[in-house]
Amino acid sequence: MIINHPLLGPRDAAEFIYLGDASLIDRPGWEDPDADEKFYEYGYLRDNPAGAHQELWYHEQGDRSWLVVTRNTLSHEITNVELARDVAKSRGRDR
Amino acid sequence: MSQVNRINGGLIDRSKVLNFSFNGRNMQGHPGDTLVSALLANGQTLVGRSFKYHRPRGILTAGSEEPNALVHLRSGAHQEPNTRATVTELFDGLTATSQNHRGSLEHDLMAITDFASPFLSAGFYYKTFMWPKAFWEKVYEPAIRKSAGLGRLSMKDDPDRYDKGFLHCDLLVIGAGAAGLSAALTAARSGARVILADEDFTPGGRLNSETLSVENMAGQDWARMTVAELASMPNVRLMTRTTVYGAYDHGTYGALERCTDHLATSDGKPRQVLWRIYSKRTVLAAGATERPIAFGNNDRPGIMMAGAVRTYVNRYGVAPGRDVAVFTNNDDGWRTAADLVARGVNVTTIIDSRDAPAVMNIAGVRHIRATAVMDTVGRKGLKSVTLTSGQVVPCDCLAVSGGWNPNVHLTCHQRGRPEWRDDICAFVPGGPLPVGMAVAGAANGSMTLGAALAEGHAQATAQLDALGVKAKGDAPTAEDEPRACAAFWHVKESTKRAWVDQQNDVTVKDIKLANHEGFRSVELLKRYTTMGMATDQGKTSNIAGLAILAEASGKTIPEVGTTIFRPPYTPVPLGALAGRCRGEDFRPYRLTPSHKWAEENGATFVEVGNWLRAQWFARPGEKGWRDSVDREALQTRQSVGICDVTTLGKIDVQGKDAAEFLNKVYANAFLKLPVGKVRYGLMLREDGICYDDGTTARMAENHFVMTTTTANAVLVFRRLEFARQCLWPGLDVHLISTTDGWAQFAVAGPNSRSLLRKVIDEDHDISNEAFPFMGCGEVTVCGGMPARLFRISFSGELAFEIAVPARYGNSMMDVLMEAGQEFDAVPYGTEALGVMRIEKGHAAGNELNGQTTALNLGLGGMVSKKKDCIGQTLSQRPEMNRDDAIRLVGFRPVDRARKLIAGSHFITHGDDATMSNDQGWMTSVAFSPSLDHSIGLGFIKRGHERMGEIVRAVSPVHDTEMDVEIVSAHFIDPEGERLRA
Amino acid sequence: MPEFSLVSTPPLSGTDLTFGDSRVTSPADLAIVSFALPLGGESAAKTAIKSAYGVAVPDVGKSVVAKDEQARLVRLSVDQGFVIFTHDTPDAERVVAAAIKGKAYTTDQTDVWCALEISGPSCRRALERICPIDLHPDAFAVGDAARTTMEHLGTLIIRTDEHTFLLLSASSSAGSFLHAVETSFQNVM
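Note that the coordinates shown come from a computational prediction; the quantities given were computed from them, not determined experimentally.

Check the secondary structure of chain C and you find 4 helices and 11 strands. Taking 2.2 N^0.38 as the reference for a compact globule, 189 residues should give roughly 16 Å; the C-alpha atoms of chain C span a radius of gyration of 17 Å, in line with that estimate. For chain C, the proportion of contacts with a sequence separation of at least 24, taken over those separated by at least 6, is 59%.

Turning next to the confidence of the model for chain C. This prediction gives chain C a mean pLDDT of 97; 99% of its residues lie at or above 70. The complex model carries a pTM of 0.95, and its ipTM stands at 0.99.

Now for the interface of chain C and chain B. The partner chain B presents 43 residues to the 43 residues of chain C that form the contact. Of all the elements in the fold, those that place two or more residues in the side of chain C that touches chain B are strand E3 (30–36), strand E7 (105–108) and helix H4 (174–188) of chain C. With 4 residues, H4 of chain C is the largest single contributor of residues to the side of chain C that touches chain B. Across the side of chain C that touches chain B, the residue classes break down as 16 nonpolar, 18 polar and 9 charged.

Time to look at the environment of Thr-530 of chain B. All names here are of chain B. Tracing the chain through its elements places Thr-530 in the loop between helix H11 (522–529) and helix H12 (542–553). Exposure remark for Thr-530: the 21 C-beta atoms within 10 Å place this residue in the buried category. Apart from the residues within four sequence positions on either side, Thr-530 is in contact with Asn-504 and Val-506.

With that out of the way, let us pick up the pairing of strand E6 (residues 80–84) of chain B. Of the pairings in the sheet, the one linking strand E5 (residues 70–73) of chain B to E6 of chain B comprises 3 bridges and is antiparallel in character. Counterpart to Leu-73 of chain B in the pairing with E6 of chain B is Glu-80 of chain B.

In this section: the nonpolar core. Ranked by internal contacts, the top residues of the largest apolar core, which has 165 residues, are Val-194, Leu-196 and Leu-398 of chain B. By size, the runner-up hydrophobic cluster in this structure holds 129 residues, among which are Tyr-58 and Ala-84 of chain A together with Val-779 and Ala-803 of chain B.

Our focus in this paragraph is the packing of helix H5 (residues 178–189) of chain B against helix H9 (residues 449–466) of chain B. Residue and element names in this part refer to chain B. Remark: H5 packs on H9, axes separated minimally by 7 Å, with the N-to-C direction vectors making an angle of 35 degrees. Crossing hand, H5 versus H9: right-handed. From H5, Ala-178, Ala-179, Gly-180, Ser-182, Ala-183, Thr-186 and Ala-187 reach across to H9, where they touch Leu-449, Ala-452, Leu-453, Glu-455, Gly-456, His-457, Gln-459, Ala-460, Thr-461 and Leu-464. A breakdown of the residues in the contact of H5 with H9 according to their chemical character gives 9 nonpolar, 7 polar and 1 charged.

Moving on, we get to the interface of chain C and chain A. Residue-level contacts link 10 residues of chain C with 10 residues of chain A. Among the secondary structure elements, those contributing two or more residues to the side of chain C that touches chain A are strand E5 (71–77) and strand E9 (145–150) of chain C. A per-element tally of the side of chain C that touches chain A places E9 of chain C first, with 3 residues. When grouped by side-chain class, the residues that make up the side of chain C that touches chain A number 4 nonpolar, 5 polar and 1 charged.

Residues and elements named next belong to chain B. Relative to the helices and strands, Glu-839 resides in helix H21 (residues 830–840). The spacing of Glu-839 and Arg-753 is 86 residues in sequence and 22 Å in space, taken between C-alpha atoms. Beyond its immediate chain neighbours, meaning those up to four positions away, Glu-839 contacts Gly-796, Ser-928, Ser-930, Ile-935, Phe-971 and Ile-972.

Bringing H21 of chain B into the picture now. Residues and elements named next belong to chain B. For H21, the buried fraction is high: 9 of the 11 residues fall into the buried class. All of the buried residues along H21 are Thr-830, Glu-831, Ala-832, Leu-833, Val-835, Met-836, Ile-838, Glu-839 and Lys-840. Summarising the contacts, the buried residues of H21 are in contact with strand E32 (603–608), strand E33 (611–617), helix H16 (625–638), strand E34 (641–644), strand E47 (918–928) and strand E48 (933–941). Residue Gly-841 follows H21 closely and has a positive phi angle near 80 degrees.

So, on to the sheet that holds strand E41 (residues 776–781) of chain B. Hydrogen bonds between backbone atoms are what pair the strands of a sheet, whose relative direction is either parallel or antiparallel. Residues and elements named next belong to chain B. Here we have 6 strands laid out as an open sheet, ordered E41-E42-E43-E40-E34-E44, and mixed in their pairing. Of all strands in the sheet, those with a lone pairing partner are E41 and strand E44 (826–827), marking the two edges. The pairing of strand E40 (residues 742–748) with strand E43 (residues 799–805) spans 7 bridges and is antiparallel. When the bridges of E43 are listed, Ala-746 appears paired with Glu-801. Its contacts with the sheet put helix H20 (residues 809–819) on E34, E40, E43 and E44, and the angle it makes with E40 is roughly 20 degrees.

Criteria and cut-off values
Residues numbered from 1 in each chain as written. Chains lettered and ligands numbered in written order. Predicted model: local features only at pLDDT ≥ 70, side-chain atom pairs only at ≥ 80, totals over all residues. Helix = DSSP H or I, 4+ residues; strand = E, 2+ residues; numbered from the N terminus. Rg over C-alpha atoms; globule rule 2.2 N^0.38 Å. Contact = placed C-beta atoms within 7 Å. pLDDT = per-residue confidence, 0-100. Nonpolar A, V, L, I, M, F, W, Y, C, P; charged D, E, K, R; others polar. Buried ≥ 20, exposed ≤ 12 C-beta atoms within 10 Å, placed from the backbone. Pairing = 2+ DSSP bridges. Core = buried A, V, L, I, M, F, W, Y, C linked by C-beta atoms within 7 Å. Axes fitted to C-alpha atoms, helices over the stretch in contact; angles between N-to-C directions. Left-handed = near helix turned anticlockwise from the far one by under 90°.

Here it is, written out as structure tokens:
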């Protein structure tokens with residue numbers, strides 16, 4: 001597969017490490033009243049869509065950026081690639 | 001015997017003679033020949049025996065689809081089985097032998113299976129060798145193995161070299177036939193970066209085999225001229241002898257280039273190169289494959305594809321027979337007759353299954369219409385054919401054409417499904433095609449020359465347009481030859497076995513039987529009958545097979561569908577897939593900075609990941625590794641030892657928020673670690689299980705140096721970047737690995753300070769008061785060399801780790817040993833390191849095994865409940881904090897002479913040794929030279945409350961057990977006085 | 001005088017191989033210092049780097065030669081880059097930190113890497129065997145830099161001239177790295 005890196009252009013997926021669902025960015029707050037339940041969901045429950053899927057890839061043999069890649073799990077078509085850092089910030093992770 | 005069947009013409013160089021041998025017989029051919037064309041020239045039509053029935057077989061095709069003409073090529077370690085002789089380029093000194101016979105090719109002892117064929121129908125093995133069960137391993141399997149398989153391996157290491165590579169282009173053109181050349185020429189003249197790949201050694205595809213004209217010149221000449229133009233252009237990479245074997249995601253293709261297979265020797269160069277081609281756009285112009293018609297005894301040597309017969313005559317100047325007959329269901333077969341007659345080869349008869357007038361007038365050739373071949377005669381070479389009319393036609397070569405199948409394979413590698421086209425009786429590429437691919441020419445069902453050239457040009461133009469490049473030039477022109485075809489798959493009147501898949505010996509009857517027994521899906525048919533398996537993957541047999549299945553099951557061909565085409569298009573040797581990664585080059589090695597010193601000083605090395613680490617340093621007179629390891633551990637505890645610990649991961653952590661960041665990734669607190677201090681840190685996974693441990697030193701307010709375990713260095717870095725970028729992107733923290741940058745040595749033992757005092761420059765105070773346990777700082781050594789000093793201990797002794805820039809590492813080892821001479825300092829390896837850490841009760845990989853918690857390790861108190869950190873919340877789950885949780889403790893054998901066994905499970909005395917009574921397991925064991933007996937670490941339920949209890953340590957694997965006593969994990973200096981000295 | 005002295009033995013030191021029209025050498029005394037742009041302090045750091053080297057910090061995937069031609073700046077990622085220069089004492093980090101007035105976080109990377117300079121018309125053909133990056137001049141111009149993997153080894157490749165590339169890889173696997181490059185040339189010559 002080829003991942004079109006937002007800064008570096010198309011690069012072979014062999015340079016990347018796959019992690020999984022980009023919901024891993026949304027780590028719950030530890031002091032939330034239902035933190036146990038939220039962390040359980042965060043740690044163990046994943047959607048497994050047949051279609052568009054936002055997932056985390058790490059450009060380990062590259063610029064060491066974590067990316068959020070939107071990939072169709074049926075066709076492997078990649079429709080969007082963003083820096084995970086930007087995605088995290090846009091989801092309100094400011095610390 | 002000379003080249004009796006050689007005729008005039010063809011693309012061979014008659015000025016040079018190549019000598020070769022087949023089954024020990026010396027023969028001659030010319031440059032431009034394949035092994036098969038040379039064999040035919042020498043009158044050799046019998047070339048092998050079939051897989052299952054050991055039927056005499058000849059040559060069916062002139063291409064990579066060949067099911068029969070498979071040989072052992074070369075000899076000795078270079079011998080390669082199942083080489084398709086139809087695409088083996090002839091070279092001087094070539095040796096080949098035939099396959100699949102015991103005794104000679106002419107008198108195969110295994111041919112008896114042919115007469116037993118009534119018992120060997122589809123599914124024979126499944127049905128027969130079921131019973132009795134006990135017979136399978138001892139009787140059936142050895143017997144089947146002996147007779148199964150195609151060809152023989154040399155059983156020697158592959159002496160050849162292989163390589164891999166990466167190529168990039170705007171347009172990849174697969175196939176250099178009429179459509180491919182037209183496409184490549186269009187793109188090349190437009191300035192695009194073009195790769196043109198073709199499996200043949202002479203580009204041109206069918207143009208080389210036909211007598212058709214392009215641009216008013218002979219097709220062969222047009223191909224040669226076009227190839228010369230392409231070869232001269234800097235933006236074109238012309239790759240002959242290169243098979244694009246797979247279409248992968250996003251325009252990535254796999255290709256195998258055969259670099260030296262056409263030479264007598266590789267001369268030290270890679271024999272084959274496996275290319276990964278990254279293309280922006282692709283034109284697939286893979287052509288088409290002619291298919292046979294199934295009729296009784298249609299596998300005799302001398303029965304060939306009609307197109308192949310033309311190839312041998314037109315391209316190679318070889319007459320495949322003296323008296324040729326043609327059997328066809330389409331117009332194209334007629335051209336074989338016409339071309340042969342034009343070359344003076346005797347064609348007696350055209351048998352056309354269609355009830356239609358002659359396609360063309362060919363003088364002296366009899367046309368028999370609405371008739372088929374029903375049976376043949378001639379066990380080792382064709383003598384005559386019998387028609388459905390009962391008529392017998394004498395001939396030594398029968399050219400058969402059942403129509404042409406577009407080579408759709410690569411269009412299906414991304415799960416595209418082909419579509420049926422009634423007008424050409426064949427499947428053509430359906431959707432969806434691999435991203436960026438367009439198909440042109442016969443591969444796309446455009447079966448005539450004029451159409452192929454036009455489509456090649458048009459597809460290239462469209463592909464360039466998508467890249468924003470304007471195509472230049474017009475399509476080359478040619479006339480369209482007659483190509484009408486009528487569906488006709490097998491001759492129903494035949495009572496004899498009619499072969500569909502000659503490579504796997506599958507007959508029409510087998511397919512009908514499979515259908516009768518319920519294997520009606522084409523995928524099941526394939527697995528039940530083995531049709532379409534092995535080296536040719538059914539290129540000549542699949543479509544006929546599924547047409548017969550359709551007929552038998554009352555479905556249409558499109559309803560039956562095809563099996564899924566997967567890479568590779570043609571076989572790819574495992575050697576090519578391995579590339580350079582063999583033996584010592586299997587993976588890279590990482591060497592520690594003092595590797596050279598260790599080599600010179602008797603080290604035995606052990607692989608730790610990619611690292612080679614000194615395991616122990618043997619001295620003269622030592623009888624085994626234990627002697628060395630015991631000595632190293634004892635001498636370290638008694639005086640001082642030195643160990644290269646560079647392999648531990650080192651990560652430079654800097655930033656205003658570095659401390660806060662560490663506080664989040666470590667379970668224990670780091671916020672208030674003072675500058676100049678080191679702290680042991682424990683990392684958890686988010687699920688609360690222990691992940692990694694190490695020490696982190698605060699070198700300055702905003703600067704930390706983290707260490708990780710050797711094994712997890714890369715993983716921890718990755719995870720820290722995840723935390724930094726995805727979880728806490730608002731923190732000012734920056735990471736960079738310095739693992740390789742610093743040569744780091746543990747200097748351990750009561751004399752370690754005295755030793756270092758001699759090396760560290762005088763202005764640095766390293767006394768216990770100025771530089772206490774868990775202190776760290778920057779120092780200089782040997783007169784101003786910058787170094788880092790950490791007072792940390794893995795051995796439990798007074799110890800330091802000292803780091804210098806890696807390029808000084810080997811010299812530093814020398815210096816430390818020289819300075820340590822007066823203390824009898826010893827170098828120690830990973831074994832002594834392991835012994836001492838077990839003696840001290842430190843957890844390592846065996847204990848941090850991805851199943852254990854901080855509580856299990858006795859480090860539960862380290863997990864701060866006052867702050868957030870990765871793993872904090874889930875580590876508090878009740879099930880992971882049960883009262884009877886396993887705890888890390890020490891063990892010693894009650895009988896001190898016995899040796900503990902790692903992996904033993906603990907059973908309470910009085911209980912049976914069953915899983916339900918399992919109390920835990922032994923993780924690490926060592927012989928302690930300090931205590932003079934075997935010691936162990938392990939996890940056992942409530943271990944910390946069971947000191948002194950005797951339990952059974954049971955090892956069912958070793959079929960042994962012993963009584964062991966639960967003791968503190970700290971076998972040496974439990975109060976920690978030594979390391980604070 | 002101190003009792004002991006240390007000798008420098010950098011990996012690949014002295015490598016000088018010729019393959020037809022191409023040459024593989026190990027540049028002597030190549031110092032490498034990383035700089036990280038502080039969060040919120042990016043522009044101050046960039047200004048300091050520009051005033052130290054006379055050139056702006058390049059974009060990610062690019063490198064640029066300092067105004068006095070004594071150093072090369074390489075941008076590796078959004079917040080990180082390298083200063084590469086010739087310097088023979090083990091204090092390169094201090095030199096860079098002083099030059100940029102401590103406005104970026106600096107780490108000595110000299111000994112983390114080993115370097116090979118590959119030059120000559122054939123070198124692209126050799127690199128094709130190990131480098132997945134497109135090195136056609138239209139795709140990888142002079143000054144372009146890419147971190148990638150070659151024969152399982154993380155490698156930073158920089159095009160320093162039309163037919164010249166600087167390759168950096170981990171120093172601990174220097175032997176395997178040189179072997180990979182050497183084999184590539186042998187295989188295509």
